[in-house]
Amino acid sequence: ALIYSTYLGGSGVDLGAGIAADSSGNAYVTGYATSTNFPTVNPLQPILDGFEDAFVAKLNPTGSALIYSTYLGGSGGDVGGGIAVDSAGNAYVTGSTDSTDFPTMNPLQPSNAGDNDIFVAKFNSTGSALVYSTYLGGSGDDYGTSIAVDSSGDAYVAGYTESTDFPTMNPLQPAYGGNGDAFVAELNPKGSALVYSTYLGGSGSDYGNGIAVDSSGNAYVTGQTYSTDFPTTNPLQPAYGGAGDA
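Overview of the structure. Everything quoted here is computed from the prediction, not taken from an experiment. (Residues numbered from 1 in each chain as written. Predicted model: local features only at pLDDT ≥ 70, side-chain atom pairs only at ≥ 80, totals over all residues. Heavy atoms only, no water.)

### Here we look at the side chain of Asp-86
Okay, step 1: Summarising the element assignment, Asp-86 is placed in the loop between β5 (78-85) and β6 (91-97).
Okay, step 2: Lys-122 provides the closest opposite charge to the buried, salt-bridge-free Asp-86, at an N-O distance of 4.6 Å.
Okay, step 3: Of note is the side chain of Asp-86, whose polar atom sits 2.9 Å from the backbone nitrogen of Asn-90.
Okay, step 4: Each residue touching Asp-86, except ones within four places of it in the same chain, is listed here: Tyr-92, Lys-122 and Val-149. (Helix = DSSP H or I, 4+ residues; strand = E, 2+ residues; numbered from the N terminus. Buried < 20%, exposed > 50% of the residue type's maximum accessible area, 1.4 Å probe, protein only. Lys, Arg positive; Asp, Glu negative; His and termini not counted. Salt bridge = Lys/Arg side-chain N within 4 Å of Asp/Glu carboxyl O. Polar contact = N/O pair within 3.5 Å; in protein donor to acceptor, adjacent residues only side chain to side chain. Contact = heavy atoms within 4.5 Å.)

Structural data, given as C-alpha coordinates:
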(Lines give C-alpha, C1' and ligand atoms only; values in the text may rest on other atoms or scores of the structure.)
Protein backbone atom coordinates (compact mmCIF):
# COMPACT_ATOMS: atom_id res chain seq x y z
CA ALA A 1 0.00 0.00 0.00
CA LEU A 2 0.98 3.58 -0.57
CA ILE A 3 1.14 5.58 2.66
CA TYR A 4 1.18 8.73 0.59
CA SER A 5 1.89 9.72 -3.01
CA THR A 6 1.76 13.23 -4.36
CA TYR A 7 2.62 15.58 -7.17
CA LEU A 8 5.05 18.39 -6.31
CA GLY A 9 5.56 21.13 -8.83
CA GLY A 10 4.31 24.14 -10.70
CA SER A 11 3.41 24.95 -14.28
CA GLY A 12 6.92 24.38 -15.67
CA VAL A 13 9.26 21.40 -15.76
CA ASP A 14 10.23 20.15 -12.28
CA LEU A 15 12.27 17.06 -11.42
CA GLY A 16 13.07 15.24 -8.19
CA ALA A 17 16.58 13.77 -8.11
CA GLY A 18 17.39 12.92 -4.48
CA ILE A 19 15.55 12.02 -1.29
CA ALA A 20 16.40 11.35 2.35
CA ALA A 21 14.41 10.71 5.53
CA ASP A 22 15.03 11.49 9.18
CA SER A 23 14.23 9.35 12.23
CA SER A 24 10.77 10.97 12.54
CA GLY A 25 9.78 10.11 8.98
CA ASN A 26 10.10 13.57 7.48
CA ALA A 27 11.14 13.38 3.83
CA TYR A 28 13.74 15.73 2.33
CA VAL A 29 13.72 16.15 -1.44
CA THR A 30 15.94 17.94 -3.93
CA GLY A 31 16.00 18.36 -7.68
CA TYR A 32 15.39 21.23 -10.03
CA ALA A 33 12.49 23.50 -10.90
CA THR A 34 11.80 25.69 -13.90
CA SER A 35 8.38 26.70 -12.55
CA THR A 36 8.01 30.27 -11.36
CA ASN A 37 5.11 29.00 -9.19
CA PHE A 38 6.83 26.00 -7.61
CA PRO A 39 5.14 25.44 -4.21
CA THR A 40 7.20 27.17 -1.52
CA VAL A 41 6.68 27.25 2.26
CA ASN A 42 8.88 29.26 4.64
CA PRO A 43 11.36 29.66 1.78
CA LEU A 44 14.95 30.72 2.20
CA GLN A 45 14.76 31.86 -1.45
CA PRO A 46 11.16 32.58 -2.45
CA ILE A 47 11.55 33.21 -6.20
CA LEU A 48 13.09 31.48 -9.19
CA ASP A 49 16.39 33.18 -10.01
CA GLY A 50 17.27 32.27 -13.58
CA PHE A 51 15.70 29.73 -15.89
CA GLU A 52 16.34 26.73 -13.62
CA ASP A 53 16.98 26.48 -9.88
CA ALA A 54 17.59 23.68 -7.47
CA PHE A 55 14.86 23.18 -4.89
CA VAL A 56 14.92 21.75 -1.37
CA ALA A 57 11.69 20.62 0.28
CA LYS A 58 10.80 18.93 3.56
CA LEU A 59 7.53 17.01 3.86
CA ASN A 60 5.97 15.98 7.17
CA PRO A 61 5.70 12.26 8.07
CA THR A 62 2.21 11.85 6.62
CA GLY A 63 3.05 13.74 3.43
CA SER A 64 0.16 16.11 4.16
CA ALA A 65 2.17 19.33 4.40
CA LEU A 66 5.41 21.01 3.43
CA ILE A 67 7.44 22.06 6.46
CA TYR A 68 9.64 24.10 4.18
CA SER A 69 10.20 24.35 0.46
CA THR A 70 12.60 26.72 -1.25
CA TYR A 71 14.39 27.53 -4.44
CA LEU A 72 18.19 27.46 -4.32
CA GLY A 73 20.14 29.03 -7.13
CA GLY A 74 21.52 31.97 -9.01
CA SER A 75 20.90 33.57 -12.37
CA GLY A 76 22.13 30.56 -14.37
CA GLY A 77 21.17 26.91 -14.32
CA ASP A 78 21.23 25.12 -10.96
CA VAL A 79 20.35 21.46 -10.37
CA GLY A 80 20.04 19.55 -7.10
CA GLY A 81 21.47 16.05 -7.40
CA GLY A 82 21.59 14.50 -3.94
CA ILE A 83 20.47 15.14 -0.36
CA ALA A 84 21.25 13.74 3.09
CA VAL A 85 20.08 14.57 6.60
CA ASP A 86 21.81 14.30 9.97
CA SER A 87 20.39 13.39 13.38
CA ALA A 88 19.64 17.05 14.14
CA GLY A 89 17.58 17.53 10.98
CA ASN A 90 20.15 19.56 9.05
CA ALA A 91 19.92 18.90 5.32
CA TYR A 92 23.02 18.54 3.14
CA VAL A 93 22.56 19.12 -0.58
CA THR A 94 24.81 18.75 -3.59
CA GLY A 95 24.32 19.39 -7.26
CA SER A 96 25.69 21.49 -10.07
CA THR A 97 25.57 25.14 -11.01
CA ASP A 98 26.77 27.37 -13.81
CA SER A 99 25.65 30.48 -11.92
CA THR A 100 28.35 32.95 -10.95
CA ASP A 101 26.04 34.26 -8.20
CA PHE A 102 24.96 31.00 -6.56
CA PRO A 103 24.08 31.74 -2.90
CA THR A 104 27.15 30.98 -0.77
CA MET A 105 27.69 31.04 2.98
CA ASN A 106 31.05 30.55 4.71
CA PRO A 107 32.32 29.06 1.44
CA LEU A 108 35.32 26.79 1.07
CA GLN A 109 35.42 27.97 -2.57
CA PRO A 110 33.66 31.33 -2.97
CA SER A 111 33.46 31.53 -6.76
CA ASN A 112 32.70 29.45 -9.81
CA ALA A 113 36.00 28.16 -11.18
CA GLY A 114 34.64 27.00 -14.53
CA ASP A 115 31.55 26.77 -16.68
CA ASN A 116 29.82 24.30 -14.37
CA ASP A 117 30.78 23.64 -10.75
CA ILE A 118 29.52 21.42 -7.97
CA PHE A 119 27.75 23.04 -5.05
CA VAL A 120 27.57 21.70 -1.51
CA ALA A 121 25.13 23.36 0.89
CA LYS A 122 24.01 22.68 4.45
CA PHE A 123 20.62 23.92 5.68
CA ASN A 124 19.77 24.30 9.34
CA SER A 125 17.00 22.13 10.79
CA THR A 126 14.22 24.63 10.04
CA GLY A 127 15.40 25.41 6.52
CA SER A 128 15.60 29.09 7.46
CA ALA A 129 19.34 29.55 6.93
CA LEU A 130 22.38 28.12 5.22
CA VAL A 131 25.03 26.88 7.66
CA TYR A 132 27.43 26.78 4.72
CA SER A 133 27.20 26.80 0.95
CA THR A 134 30.16 26.51 -1.38
CA TYR A 135 31.27 25.93 -4.91
CA LEU A 136 33.55 22.95 -5.51
CA GLY A 137 35.29 22.44 -8.82
CA GLY A 138 37.96 23.31 -11.33
CA SER A 139 38.11 24.96 -14.73
CA GLY A 140 36.16 22.20 -16.49
CA ASP A 141 32.63 20.91 -15.97
CA ASP A 142 31.97 19.34 -12.56
CA TYR A 143 28.77 17.71 -11.30
CA GLY A 144 27.73 16.66 -7.79
CA THR A 145 25.33 13.72 -7.89
CA SER A 146 25.22 12.19 -4.41
CA ILE A 147 25.93 13.10 -0.79
CA ALA A 148 26.07 11.30 2.55
CA VAL A 149 26.72 12.50 6.10
CA ASP A 150 28.30 10.78 9.10
CA SER A 151 27.52 11.12 12.81
CA SER A 152 30.08 13.93 13.16
CA GLY A 153 28.54 16.04 10.40
CA ASP A 154 31.20 15.39 7.78
CA ALA A 155 29.71 15.43 4.27
CA TYR A 156 30.81 12.90 1.64
CA VAL A 157 30.20 13.89 -1.98
CA ALA A 158 30.52 11.94 -5.21
CA GLY A 159 30.06 12.93 -8.81
CA TYR A 160 31.83 13.58 -12.07
CA THR A 161 34.57 15.98 -13.14
CA GLU A 162 36.15 17.03 -16.40
CA SER A 163 38.58 19.40 -14.63
CA THR A 164 42.30 18.63 -14.70
CA ASP A 165 42.63 21.05 -11.77
CA PHE A 166 39.82 19.70 -9.58
CA PRO A 167 40.61 20.60 -5.92
CA THR A 168 42.25 17.56 -4.30
CA MET A 169 43.33 16.94 -0.72
CA ASN A 170 45.19 13.84 0.51
CA PRO A 171 44.17 12.18 -2.76
CA LEU A 172 44.15 8.46 -3.38
CA GLN A 173 44.44 9.37 -7.08
CA PRO A 174 46.02 12.81 -7.49
CA ALA A 175 45.91 13.05 -11.28
CA TYR A 176 43.06 13.19 -13.78
CA GLY A 177 42.68 9.82 -15.51
CA GLY A 178 41.28 11.25 -18.71
CA ASN A 179 38.00 11.82 -20.53
CA GLY A 180 36.07 12.53 -17.31
CA ASP A 181 36.64 11.01 -13.87
CA ALA A 182 34.54 10.24 -10.86
CA PHE A 183 35.53 12.10 -7.71
CA VAL A 184 35.06 11.48 -3.99
CA ALA A 185 35.39 14.28 -1.42
CA GLU A 186 34.87 14.61 2.32
CA LEU A 187 34.15 18.03 3.86
CA ASN A 188 34.53 18.79 7.55
CA PRO A 189 31.41 19.66 9.63
CA LYS A 190 31.76 23.41 9.05
CA GLY A 191 32.32 23.01 5.33
CA SER A 192 35.50 25.02 5.78
CA ALA A 193 38.01 22.37 4.66
CA LEU A 194 38.38 19.22 2.63
CA VAL A 195 39.38 16.20 4.73
CA TYR A 196 40.17 14.44 1.47
CA SER A 197 39.31 14.85 -2.18
CA THR A 198 40.38 12.53 -4.96
CA TYR A 199 39.88 11.58 -8.56
CA LEU A 200 38.68 8.03 -9.19
CA GLY A 201 38.95 6.74 -12.72
CA GLY A 202 40.91 5.40 -15.63
CA SER A 203 41.61 6.58 -19.15
CA GLY A 204 37.96 6.37 -20.22
CA SER A 205 34.89 8.13 -18.85
CA ASP A 206 34.01 7.40 -15.21
CA TYR A 207 30.95 8.66 -13.31
CA GLY A 208 30.22 8.71 -9.57
CA ASN A 209 26.48 8.28 -9.07
CA GLY A 210 25.93 7.24 -5.46
CA ILE A 211 27.72 7.40 -2.10
CA ALA A 212 27.11 6.02 1.40
CA VAL A 213 29.10 6.13 4.62
CA ASP A 214 29.29 3.70 7.56
CA SER A 215 29.75 4.32 11.28
CA SER A 216 33.54 4.14 10.91
CA GLY A 217 33.64 6.82 8.21
CA ASN A 218 34.35 4.45 5.32
CA ALA A 219 32.79 5.73 2.08
CA TYR A 220 31.11 3.40 -0.43
CA VAL A 221 30.80 4.70 -3.98
CA THR A 222 29.09 3.40 -7.09
CA GLY A 223 28.78 4.66 -10.63
CA GLN A 224 29.67 3.78 -14.19
CA THR A 225 32.96 3.34 -16.02
CA TYR A 226 34.05 3.03 -19.62
CA SER A 227 37.70 2.56 -18.57
CA THR A 228 39.48 -0.76 -19.11
CA ASP A 229 42.02 0.45 -16.51
CA PHE A 230 39.64 1.58 -13.76
CA PRO A 231 41.50 1.26 -10.42
CA THR A 232 40.57 -2.07 -8.79
CA THR A 233 41.49 -3.66 -5.46
CA ASN A 234 40.45 -7.17 -4.35
CA PRO A 235 37.93 -7.23 -7.23
CA LEU A 236 34.95 -9.55 -7.45
CA GLN A 237 35.20 -8.94 -11.23
CA PRO A 238 38.73 -7.96 -12.27
CA ALA A 239 38.13 -7.19 -15.97
CA TYR A 240 35.97 -4.76 -17.87
CA GLY A 241 32.87 -6.46 -19.21
CA GLY A 242 32.40 -4.05 -22.08
CA ALA A 243 30.01 -1.30 -23.25
CA GLY A 244 30.09 0.43 -19.87
CA ASP A 245 30.29 -1.29 -16.47
CA ALA A 246 29.14 -0.47 -12.97
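### Observations concerning the sheet that holds strand β9 (residues 142-149)
Okay, step 1: Spatially, 4 strands are ordered β9-β10-β11-β12 in an open sheet, and the strand pairing comes out antiparallel. Either end of the sheet is taken by a strand with one partner, and the two such strands are β9 and β12 (194-200). For this sheet, the mean angle separating the axes of adjacent strands, direction not counted, is 15°.
Okay, step 2: As paired strands, β9 and strand β10 (residues 155-161) are joined by 7 bridges and run antiparallel to one another. Bridging across to β10, Val-149 finds its partner in Ala-155. (Pairing = 2+ DSSP bridges. Axes fitted to C-alpha atoms, helices over the stretch in contact; angles between N-to-C directions.)

### Quick notes on the side chain of Asp-78
Okay, step 1: The topology assignment puts Asp-78 in strand β5.
Okay, step 2: A polar atom in the side chain of Asp-78 sits 2.9 Å from the backbone nitrogen of Gly-74.
Okay, step 3: Side chain to side chain, Asp-78 and Ser-99 meet in a polar contact 2.9 Å long.
Okay, step 4: Leave out the neighbours within four places in its chain, and Asp-78 touches Tyr-32, Asp-49, Glu-52, Asp-53, Ala-54, Leu-72, Gly-73, Ser-96, Thr-97, Asp-98, Ser-99 and Phe-102.

### Concerning the layout of surface pockets
Okay, step 1: For the largest pocket, the calculated volume is near 870 Å³.
Okay, step 2: Lining the largest pocket are 30 residues, with Leu-200, Val-221, Phe-230, Pro-231 and Thr-232 sitting closest to its centre.
Okay, step 3: Those elements that place two or more of their residues in the lining of the largest pocket are β11 (181-187), β12, β13 (206-213) and β14 (219-225).
Okay, step 4: For the lining of the largest pocket, the leading source of residues is β14, giving 7 residues.
Okay, step 5: Residues belonging to the lining of the largest pocket are distributed by class as follows: 16 nonpolar, 12 polar and 2 charged. (1 Å grid on protein atoms, 1.4 Å probe; cavity = no way out; pocket = protein on both sides within 12 Å on 5 of 7 lines; lining within 4 Å. Points joined across faces, edges and corners; volume = space filled by probe spheres on them. Nonpolar A, V, L, I, M, F, W, Y, C, P; charged D, E, K, R; others polar.)

### Describing the sheet that holds β6
Okay, step 1: Reading across the sheet, the 4 strands line up as β5-β6-β7-β8 and stay open at both edges, with antiparallel pairing between neighbours. If you trace the sheet from one side to the other, it starts and ends with β5 and β8 (130-136), each paired once. Here the average twist between neighbouring strands, direction ignored, is 15°.
Okay, step 2: Across 7 bridges, the pairing between β5 and β6 is antiparallel. Note that in β6 the partner of Asp-78 across the bridge is Thr-97.

### Considerations on the pairing of strand β7 (residues 117-123)
Okay, step 1: Within β7, 7 of the 7 residues are buried, which leaves the element mostly enclosed by the surrounding structure.
Okay, step 2: Residue alternation in β7 divides its side chains into two sets, Asp-117, Phe-119, Ala-121 and Phe-123 and Ile-118, Val-120 and Lys-122, and both sets are buried.
Okay, step 3: In this structure, β6 lies alongside β7, joined through 7 bridges in antiparallel fashion. Across the sheet, the residue bridging to Ala-91 is Phe-123, located in β7.
Okay, step 4: Sheet analysis places β7 next to β8, joined by 6 bridges and oriented antiparallel. Note that in β8 the partner of Phe-119 across the bridge is Tyr-135.
Okay, step 5: Between the end of β7 and the start of β8, which pair antiparallel, lie 6 residues, with Gly-127 showing a positive phi angle near 75°.

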